[in-house]
Amino acid sequence: MKHGWLVIACRHAHELLSQRMDQPLHTGDRLRLWLHLRICAACAKIERQMDFMRRAMRRLGG
Amino acid sequence: MQADVLSRSLEALRPLLLKMARLQLRNDGWAEDAVSETMLAALESAASFAGNSQVKTWVIGILKHKIVDQLRRGGREVSVEAQMEAAGVDSLDELYEPGGHRLAAPLDWGDPEATLSRSQFFDVLQSCIENLPANMGRVFMMREWLEYETDQICKELGITPTNCFVMLHRARLRLRECLEMNWFATERGA
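In this text, all values refer to a predicted model and were calculated from it rather than measured experimentally.

Chemist: Would you explain the interface of chain B and chain A in this entry?
Modeler: How big an interface is tends to be stated in terms of accessible area lost as the parts join. Listed by partner, the interface residues are 43 residues for chain B and 26 residues for chain A. Here chain B meets chain A over a buried area of about 3100 Å², counting both sides, of which 62% is carbon and sulfur. If you sort the residues of chain B by the area they bury against chain A, Leu116, Glu144 and Arg172 of chain B come out on top, with a joint share of 18%. Along the contact surface separating chain B from chain A lie six salt bridges. Summed over the shared surface of chain B and chain A, the result is 16 residue pairs in polar contact (both at pLDDT 80 or more). If you list the elements that add at least two residues to the side of chain B that touches chain A, you get α1 (3–25), α3 (55–73), α5 (112–116), α6 (119–130), α7 (134–144) and α9 (161–184) of chain B.

Next up, the structure:
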């Protein structure tokens, strides 16, 4: 699929996934990421992995 | 809690405390100092330790505060290093096609709780963090272990918000690759 205002590449989706862990995304980015995660199973997997890494880090060292 | 009982617990915890302090501070001298201060503070407040939480959890909590103090004291040095490293951040190009698609499909990581119950997993996680460049590791640990807000990290280290986000993003992607390769793609993680 061609990338445009609404449709983004996986690389960009990963940037947004990471950024979202540090600050709220703007509406446009939220929309683009939401859509991407619904049509890209690989990125949806990476989203779950990012959440998992955060949980693991909170438990590091007990 | 009795001081003699507590000092035995602290003795046993010292390797873990040092490992965590080194992982966050990336400086052996600072790590030693932070751990000594932690042990002193724990012994001084032994009487106030209620004993209804685990000693380990309580002492790690003290260590986090001592590490924050140490980061502040070492602030200028860290900040200069962080700026130099941020200027030369590595490329992520090897992970993607020119069009922005990932070159390799991510693996399924299975049941998170099952993974988090394995102590060997945390050994792999630690070595993956150790493999990050020093400041990238520091920033990542500040965000995810000390649970600083991103703007606090920028302020403490004197780096721009953009550099901060870039370093965190790279740290997460590198860590993801490292965990996948050294845990989830191996027998241990299966």
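Chemist: Mind showing me how you'd approach the nonpolar core here?
Modeler: One recurring pattern in soluble globular proteins is that nonpolar side chains are buried together. One finds Leu60 of chain A together with Phe121, Leu125, Trp145 and Leu179 of chain B to be the most contacted residues of the largest nonpolar core, which totals 81 residues. Counting residues per element, this core draws most heavily on α9 of chain B, which supplies ten residues. Once you skip the residues sitting within four places of it in the chain, Leu60 of chain A turns out to touch Met20, Leu23, Phe122, Leu125, Gln126, Ile129, Met141 and Trp145 of chain B.

Chemist: I'm lost on a nonpolar patch on the surface in this one. Help?
Modeler: A cluster of nonpolar side chains, contributed by Trp5, Leu6 and Leu31 of chain A, occupies part of the molecular surface with about 320 Å² of accessible area. Relative to the assigned elements, Trp5 of chain A resides in the segment before α1 (10–20).

About the thresholds
- Throughout, a residue's number is its position along its own chain's written sequence, starting from 1.
- All chains are assigned letters beginning at A, and all ligands numbers beginning at 1, according to the order in which they are written.
- Totals for whole chains, interfaces and linings use every residue, but because this is a predicted model, local features are given only for residues with pLDDT of at least 70 and side-chain atom pairs only at 80 or more, for both listing and counting.
- Excluded from the side-chain calculations are hydrogens and water; all other atoms, namely the structure's heavy atoms, are used.
- What makes two residues a contact is simply this: any of their non-hydrogen atoms within 4.5 Å.
- Accessible area that two parts lose when put together, with a 1.4 Å probe and added across both, is what the buried area reports.
- Salt bridge criterion: a side-chain nitrogen from Lys or Arg within 4 Å of a carboxyl oxygen from Asp or Glu.
- Identification of polar contacts relies on pairs of N or O atoms within 3.5 Å, with a donor-acceptor requirement for protein atoms, meaning one able to donate a hydrogen and the other able to accept it, and with residues adjacent in sequence counted only if both atoms are side-chain atoms.
- The helix and strand labels rest on DSSP assignments: H or I over at least four residues marks a helix, E over at least two residues marks a strand, and numbering proceeds from the N terminus.
- We call a set of buried residues a nonpolar core when its members are Ala, Val, Leu, Ile, Met, Phe, Trp, Tyr or Cys and they connect through side-chain atoms within 4.5 Å of each other.
- Burial classes follow relative accessibility: with a 1.4 Å probe on protein chains only, a residue under 20% of its type's maximum area counts as buried, one over 50% as exposed, and anything between as partly exposed.
- Patches in this entry comprise residues that are over 30% relatively accessible and not in a salt bridge; like charges within 9 Å are linked, as are nonpolar side chains (Val, Leu, Ile, Met, Phe, Trp, Tyr) within 5 Å.
- In this description, accessible areas are obtained by the Shrake-Rupley approach with a 1.4 Å probe, and a residue is regarded as covered only by the protein chains that are shown.

By themselves, these figures tell us nothing about what the structure is for.
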